[in-house]
Amino acid sequence: MIIALLVFLFLGLMAAVAPGLLVGYAFVAVSGKLSLTARIPLLVALAMGTAALWLSLGEPANVLLPLAMLVSFLATVTSGATFLGLEARKRHARHYPAPAWQSW
């Protein structure tokens, strides 16, 4: 009985996290031409929008609805920030190559 509860909680968590991860990655992939100062507020606004979509799926009196909204928001922001950081690191590495090793 407890194992079934844990399985359903895990599946519910994955249902809340997976769309957020995909939306965060898709935002970074699509918004490549914008500056970083414009992308960060847009990412947060998009994360709030994806979290607000949970209101249309659930009953407002549901106890787990705020948790699903929080998990979705955090997944979107974390995914977007991770991929923004990776992209910034790639751009920075291209401009400043590592110095060649000097042989003595």
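Scope of this entry: the structure provided in the associated data block.

Each value, and the rule that gives it
- Residues numbered from 1 in each chain as written.
- Predicted model: local features only at pLDDT ≥ 70, side-chain atom pairs only at ≥ 80, totals over all residues.
- Heavy atoms only, no water.
- 1 Å grid on protein atoms, 1.4 Å probe; cavity = no way out; pocket = protein on both sides within 12 Å on 5 of 7 lines; lining within 4 Å.
- Points joined across faces, edges and corners; volume = space filled by probe spheres on them.
- Helix = DSSP H or I, 4+ residues; strand = E, 2+ residues; numbered from the N terminus.
- Nonpolar A, V, L, I, M, F, W, Y, C, P; charged D, E, K, R; others polar.
- Phe/Tyr/Trp six-rings, centres within 6.5 Å; stacked < 30°, edge-to-face > 60°.
- Buried < 20%, exposed > 50% of the residue type's maximum accessible area, 1.4 Å probe, protein only.
- Polar contact = N/O pair within 3.5 Å; in protein donor to acceptor, adjacent residues only side chain to side chain.

## Things to note about the layout of surface pockets
Empty space within the largest pocket amounts to approximately 290 Å³. Of all the secondary-structure elements, those providing two or more residues to the lining of the largest pocket are α1 (2-30) and α3 (65-95). The element that contributes the greatest number of residues to the lining of the largest pocket is α1, accounting for 6 residues. Considering only residue class, the lining of the largest pocket consists of 11 nonpolar, 3 polar and no charged.

## Examining the packing of aromatic side chains
Evaluated as defined, the whole model comprises 1 aromatic pair. Measuring from ring centre to ring centre gives 4.7 Å for tyrosine 25 and phenylalanine 83, while their planes differ by 70°; the resulting arrangement is edge-to-face. Remark: phenylalanine 83 occurs in helix α3 and tyrosine 25 occurs in helix α1; sequence separation between them is 58 residues. The class for tyrosine 25 is partly exposed, based on a relative accessible area of 45%. Given a relative accessible area of 30%, phenylalanine 83 falls into the partly exposed group.

## A word on the side chain of serine 31
Mapping serine 31 onto the fold places it in the loop between α1 and α2 (36-57). Its relative accessible area of 7% is what places serine 31 among the buried residues. A polar contact of 2.8 Å, which involves the side chain of serine 31, links it to the backbone oxygen of phenylalanine 27.

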